[in-house]
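Working through the structure, step by step
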Amino acid sequence: KKIDLDILTTAFAGIETIADPAQVAKLSQDYHTFSPVLAPKLEGKVGDIVVRPANEQEVLKVAAICAKYRVPVTVRGAGTGNYGQCVPLHGGVIVDMTRMHEIVWLKPGVARLEAGVKLAALDKQARGIGWEMRMAPSTYRTATIGGFIAGGSGGIGSIQYGLLSDRGNLLALRVVTLEDEPRIVELRGDDVRKVNHAWGINGIITQLEIPLGPAYPWAEVIITFEDFITAAKFGQALGNADGMIKKLIAIFASPIPQYFHALQEYIPEGVHPAFLMVAESSLESLPGLVQQYGGQITYQKPAQEAGKGTHLAEFTWNHATLHARTVDTSITYLQSMFPADSSLQLVEHMYHYFGDEVMMHLEFLRVNGKVTPGALQLVRYTTEERLNEIIRYHEEQGVQIANPHTYIIEDSGRKVIDSEQLKFKEMVDPYGLMNPGKSKVLQFKITS
Ligand code: FAD
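This one's a predicted model, so the numbers in the text were calculated from it and none came from an experiment.

Focus on the overall build of the chain
Looking only at helices and strands, the chain has 14 helices and 21 strands in total. Each of the 448 residues in the chain was classed as buried or not, and the buried ones make up 57%. Across the chain, contacts joining residues at least 24 apart in sequence account for 73% of those joining residues at least 6 apart. Counting every atom, the chain has about 18200 Å² of accessible surface; 50% of that belongs to carbon and sulfur. Charged side chains in the chain number 42 positive and 49 negative. The centres of these two groups are separated by 5 Å.

Below is the structure:
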């Protein structure tokens, strides 16, 4: 359906909008360009207008207008998502939430926030009272909390607290519906699952309540190893060392560290490093464990200095892919979860089986109480067919792949949309206006 921009612009009077086509195109993008499969599929997909509500009342007004004119709606935080989650597949209105950045309140262990609050801003405030986010993506400097909950999965801190979708990592959220008369719905307890990781198609999140973790002074450490499997086993052992407080255990197979230009002096060619964030109080226990695995500590930054300059964390999680792609744009990636198995047999098998074509990057996290190797392997891309073959082989061997090369929810990590989310979707978005085309199950219901 052709969208009448004049009607929309008039209807949005009093709310900040952006109509400049170059700006609108920019705000229709995210980081799906990491995928050579997604890039051509999403090329040229742009919204018609961007609206930037400043408060919930304005969100209600925007929702009413979009419902009235049956216009597709794509909600957006900072646009750092990797699967084209905030690329509008059928044009329409882009709702940019970044003006809603109020920290509503902070209490020991809990924060209530507007959806557009940047993660780094929250951490800064929370640290003032001794707390911090339990986990954050490596994009924490720019990403919003609404975007993280709707589109992210975990990150720095997940070695302690698990994934974002784990019970207890999101306490409450509040959404505006896309009904003829939009309502505000607050979900608490297990009900939050109706919206968690729904890729922006289950209502416009305006506020959230998340638990916080105690803010330790985190030291940054690089340890190098002569061989990859020993480095990986060290990572597993540190993960298993329950007395040691840590926030990050990332392991890179050579030659990945060559892409980290700023860290060259700490990582000689050919070695396999572990990047760690460890509470300063646990640092004294580290050399013993390092020695046991024959590693060498080549870099150690105390917490006070870790705050200055680039954080080590900004070379981990999907930032490793970003750095590699800066050097070689033919590199893409996988998102994997290996089975929890302290012997790391399957990791070792894949490491040898694919050699240099699939370069191993492990991120240890806690899954159902067990220290588990997640992985964001770097893939030297040749064809889509070969990429699918690599994915299939992993799945056949028992590695779960959350495919980052699709914009369809059911083809990604989710595999299915859970029925509760579907039921909620039918209630909050009866006309199927929220980024239609993201789901196979949900029909594009715009009829006139
Ligand atoms: P956006 O990209 O703007 O949005 C993400 C999704 O949420 C979209 O579907 C959007 O429609 C929806 N959405 C946004 N705001 C709302 C709202 N208010 N209401 C309803 N829906 C909404 N992710 C991780 O989980 N862990 C990582 O470690 C990680 N590392 C990354 C590293 C790099 C270099 C890059 C490019 C990405 C990485 N990501 C990671 C992905 C992404 O950065 C994070 O998930 C981030 O939290 C997304 O926040 P955002 O504000 O940019 O969301």
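Still more ground to cover, so stick around.
A word on the domain arrangement of the chain
When the domains of the chain are assigned, the result is domain 1 (103-214) and domain 2 (218-401). On a C-alpha basis, the centroid separation for the pair domain 1 and domain 2 is 26 Å. The interface of domain 1 with domain 2 comprises 16 residues on the first partner and 21 residues on the second. Taken together, both faces of the contact between domain 1 and domain 2 bury some 1500 Å²; the carbon and sulfur share is 56%. Interface area lost by domain 1 to domain 2 is led by Ser138, Ile156 and Ile159, which between them contribute 43%. Summed over the shared surface of domain 1 and domain 2, the result is 2 salt bridges. In this structure, the salt-bridge partner of Glu132 is Lys247, at a minimum N-O distance of 3.2 Å. Along the contact surface separating domain 1 from domain 2 lie 7 residue pairs in polar contact (both at pLDDT 80 or more). Tallying contributions element by element places helix 7 (residues 158-161) first for the side of domain 1 that touches domain 2, with 3 residues.

Remarks on the packing of aromatic side chains
To describe a pair of aromatic rings, one takes the distance between the centres and the angle between the planes. Counting across every chain of the model gives 15 aromatic pairs. Linked through ring pairs, Phe252, Phe260, Phe275 and Phe315 together constitute an aromatic cluster. Its guanidinium or amino end placed over the ring of Tyr431, Arg70 lies 3.6 Å from that ring's centre, counting from NZ or CZ. Between the NZ or CZ atom of Lys107 and the centre of the ring of Trp105, over which it lies, the distance is 4.2 Å.

Brief notes about the pairing of strand 2 (residues 49-52)
Neither face of strand 2 is exposed, since Ile49 and Val51 on one face and Val50 and Arg52 on the opposite face are all buried. As paired strands, strand 1 (residues 16-18) and strand 2 are joined by 3 bridges and run antiparallel to one another. Across the sheet, Thr17 pairs through a bridge with Val51, a residue of strand 2. Pairing of strand 2 with strand 4 (residues 93-96) involves 3 bridges; the strand directions are parallel. Considered in strand 4, the bridge of Val51 is made with Val95.

About the criteria used
Residues numbered from 1 in each chain as written. Predicted model: local features only at pLDDT ≥ 70, side-chain atom pairs only at ≥ 80, totals over all residues. Heavy atoms only, no water. Helix = DSSP H or I, 4+ residues; strand = E, 2+ residues; numbered from the N terminus. Buried < 20%, exposed > 50% of the residue type's maximum accessible area, 1.4 Å probe, protein only. Contact = heavy atoms within 4.5 Å. Areas by Shrake-Rupley, 256 points an atom, 1.4 Å probe, with all protein chains shown as cover. Lys, Arg positive; Asp, Glu negative; His and termini not counted. Charge placed at Lys NZ, Arg CZ, Asp CG, Glu CD. Domains from an automatic or database assignment. Buried area = accessible area lost by both parts, 1.4 Å probe. Salt bridge = Lys/Arg side-chain N within 4 Å of Asp/Glu carboxyl O. Polar contact = N/O pair within 3.5 Å; in protein donor to acceptor, adjacent residues only side chain to side chain. Phe/Tyr/Trp six-rings, centres within 6.5 Å; stacked < 30°, edge-to-face > 60°. Lys NZ or Arg CZ within 6 Å of the ring centre and 35° of its normal. Pairing = 2+ DSSP bridges.

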